[in-house]
Amino acid sequence: QMHLVESGGGLVQPGGSLRLSCEASGSIFSINRMGWYRQAPGKQRELVATTTPGYSPNYADSVKGRFTISRGSGENTVYLQMNSLRPEDTAVYYCNVNGKRYYNSATLDYWGQGTQVTVSS
């Protein structure tokens, strides 16, 4: 199994900042892409940001200039720095890893359990 553990969510006032962390552990042969998605109540899950080695990060238009995605030095960790948060950023944020557990296994998407981010005064 590949396990993803997220942390860093919470309640913050509009204009504030939060930093989300996600660490992948367990059976990991290779990781292609790591990223963050979010799902607000009554809405579909949407991409927030992804990072792939050798490529520029990809951001949703709604978070460009406010959020920054980065990989940790250990390569199995991904962060999401969220600045200038708005009430519409309120959602459950999910970590996503696209990778392989073994050299001969399929490349699959793996998901964390999610961390709640609430932006409210």
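Bear in mind the structure is a predicted one, so any value in this text is a computation, not a measurement. (Residues numbered from 1 in each chain as written. Predicted model: local features only at pLDDT ≥ 70, side-chain atom pairs only at ≥ 80, totals over all residues. Heavy atoms only, no water.)

This next bit is on the pattern of salt bridges. This structure, assessed with the given rule, holds five salt bridges. Here D109 and R33 are joined by a salt bridge, their closest N and O atoms 3.3 Å apart. Here D109, found in strand β10 (residues 108-111), pairs with R33, found in strand β4 (residues 30-39); they are 76 residues apart in sequence, far enough to count as distant. Accessibility expressed as a relative area gives 23% for R33, which makes it partly exposed. (Salt bridge = Lys/Arg side-chain N within 4 Å of Asp/Glu carboxyl O. Helix = DSSP H or I, 4+ residues; strand = E, 2+ residues; numbered from the N terminus. Buried < 20%, exposed > 50% of the residue type's maximum accessible area, 1.4 Å probe, protein only.)

Turning our eyes to something else, we now look at the sheet that holds strand β1 (residues 2-7). Strand order across the open sheet formed by four strands is β1-β3-β8-β7, with antiparallel pairing between neighbours. Strands at the two margins of the open sheet, each flanked by one partner only, are β1 and β7 (67-71). Strand-to-strand, the axes of this sheet are offset by a mean angle of 15°, without reference to chain direction. (Pairing = 2+ DSSP bridges. Axes fitted to C-alpha atoms, helices over the stretch in contact; angles between N-to-C directions.)

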